[in-house]
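Here are the chains, one letter per residue:
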Amino acid sequence: MRILVVEDEPAMAQVIRWGLEDAKYVVDVASDGAQGLQMATENAYSLLVLDLMLPRMTGWQVCEELRARCNRVPILMLTARGAVDDRVRGLDLGADDYLGKPFDFTELLARVRALLRRDKVHRARVIRIADLEIDTAARRVTRAGVEIGLSCREYDLLEALATREGQVLTREVIQERIWMDDESYSNTVDVRIGHLRRKVDAGHSVRLIHTVRGVGYTLRRTYTEDEE
Ligand code: CA
């Protein structure tokens, strides 16, 4: 298990490094945000411990940029204790958990373990719906055994629909979950669904992605009356 610690205060970085190494993790340290982003992009880390106030790029920017690139590495943010706005902003930008400074090291370790466990459970999953198969670890999709090439957003959208098979996802929820309310995507949910549908359903007699008129979209294996 390899963990990247992005922390600009040398003493704090050293304490975290020693503690994590003591717990048998392999640790790299980046001392500013830009370096952290680069290292996180170039290496497959199991987890990031990310400080917020960093030179060159803030922790929020690093987090946002990683998620925009569809990098799903679990992120534990270090925030000032009691700074609720900081924490909310971090979680909204795609961080998985946060820890207020100063912290007890046993709590940091517990949160690291919990995040790694959660990620492992999620990643181990293969979703099968009719002849559609989604390998969530590899982010790989096949239908009737044939691989479907998806962009990272298309994949996220399909996984969101598939993990809630039979439930309707509204445009608003899709907008919020997949595009994190990015305004530049506000008109594109329908368009993206159209692309995804062509890739997933075209050429197959059974359609999986259905429009629920006036509400949103659902993925299910049976036909009902809602088709447009
Ligand atoms: Ca700092």
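Residues numbered from 1 in each chain as written. Predicted model: local features only at pLDDT ≥ 70, side-chain atom pairs only at ≥ 80, totals over all residues. Heavy atoms only, no water.

### Topic: the overall build of the protein chain
Okay, step 1: Along the protein chain, the regular secondary structure elements total eight helices and 12 strands.
Okay, step 2: Its C-alpha atoms give the protein chain principal-axis dimensions of about 60 × 35 × 25 Å.
Okay, step 3: Every one of the 228 residues in the protein chain was classed for burial, and the buried ones make up 46%.
Okay, step 4: Counted over contacts in the protein chain with a minimum sequence separation of 6, partners at least 24 positions apart contribute 53%. (Helix = DSSP H or I, 4+ residues; strand = E, 2+ residues; numbered from the N terminus. Buried < 20%, exposed > 50% of the residue type's maximum accessible area, 1.4 Å probe, protein only. Contact = heavy atoms within 4.5 Å.)

### A short note on the packing of aromatic side chains
Okay, step 1: Tallied over the entire structure, the rule returns zero aromatic pairs.
Okay, step 2: Above the plane of the ring of Trp60 lies Arg89, whose end atom (NZ or CZ) is 3.9 Å from the centre. (Phe/Tyr/Trp six-rings, centres within 6.5 Å; stacked < 30°, edge-to-face > 60°. Lys NZ or Arg CZ within 6 Å of the ring centre and 35° of its normal.)

### Regarding the side chain of Thr218
Okay, step 1: The residue Thr218 is located in strand β12 (residues 216–219) in this model.
Okay, step 2: Not counting residues within four places of it along the chain, the set of residues in contact with Thr218 comprises Leu161, Gly166, Gln167, Val168, Leu208, Ile209, His210 and Val212.

### Considering helix α2 (residues 33–42)
Because each turn of an α-helix spans 3.6 residues, side chains separated by three or four positions end up pointing in the same direction.
Okay, step 1: Of the positions making up α2, those classed as buried are Gly33, Gly36, Leu37, Met39 and Ala40.
Okay, step 2: Of the surrounding secondary structure, the elements contacted by the buried residues of α2 are β1 (2–6), β2 (26–30), β3 (47–51) and α3 (59–68).

### Topic: the state of the cysteines
By definition, a disulfide links two cysteine residues through a covalent bond between their sulfur atoms.
Okay, step 1: Throughout the structure, instances matching the rule amount to one disulfide.
Okay, step 2: Between the sulfur of Cys70 and that of Cys152 lies a disulfide, 2.3 Å long from S to S. Disulfide Cys70 to Cys152: torsion about the S-S bond roughly 75 degrees, handedness right-handed. Taken as a pair, Cys70 in the loop between α3 and β4 (75–80) and Cys152 in helix α6 (residues 152–163) lie far apart in primary sequence, 82 residues in all.
Okay, step 3: For Cys63, which is in no disulfide, the shortest distance to another cysteine sulfur is to Cys70 and amounts to 13 Å.
Okay, step 4: Looking at Cys63, the relative accessible area reads 0%, which means it is buried. (Disulfide = S-S within 2.5 Å.)

### Quick notes on the confidence of the model for the protein chain
Okay, step 1: Scored by pLDDT, the protein chain comes out at a mean of 88, with 93% of its residues at no less than 70.
Okay, step 2: Across the protein chain, the secondary-structure element scoring lowest on mean pLDDT is helix α7 (residues 171–178), at 80, and the one scoring highest is β2, at 98. (pLDDT = per-residue confidence, 0-100.)

### Considerations on the sheet that holds strand β10 (residues 169–170)
Okay, step 1: Spatial ordering of the open sheet is given by β10-β12-β11, a layout of three strands whose pairing is antiparallel. Strands at the two margins of the open sheet, each flanked by one partner only, are β10 and β11 (209–212).
Okay, step 2: Inspection of the sheet shows β10 paired to β12 by two bridges, in the antiparallel sense. Across the sheet, the residue bridging to Leu169 is Tyr217, located in β12.
Okay, step 3: Taken strand by strand, α6 contacts β10, β11 and β12, and its axis lies near 70 degrees from that of β12.
Okay, step 4: Relative to the sheet, helix α8 (residues 189–201) contacts β11 and β12, its axis offset from that of β11 by approximately 145 degrees. (Pairing = 2+ DSSP bridges. Axes fitted to C-alpha atoms, helices over the stretch in contact; angles between N-to-C directions.)

### Structural notes on the pairing of β2
Okay, step 1: Sheet topology places β1 next to β2; five bridges connect them, and they run parallel. The residue of β2 that forms the bridge with Ile3 is Val27.
Okay, step 2: Following the backbone out of β1, through helix α1 (residues 10–22) and into the adjacent parallel β2, one traces a crossover that is right-handed. (Right-handed = clockwise from strand over helix to strand, strands pointing away.)

### Overview of α7
Okay, step 1: The complete set of buried residues in α7 reads Ile174, Gln175 and Ile178. The buried residues of α7 occupy an angular sector of 100 degrees when the element is viewed end-on, so they sit on one face.
Okay, step 2: Turning to α7, the residues buried within the fold contact α6, β10, α8 and β12. (Arc of directions from axis to C-beta.)

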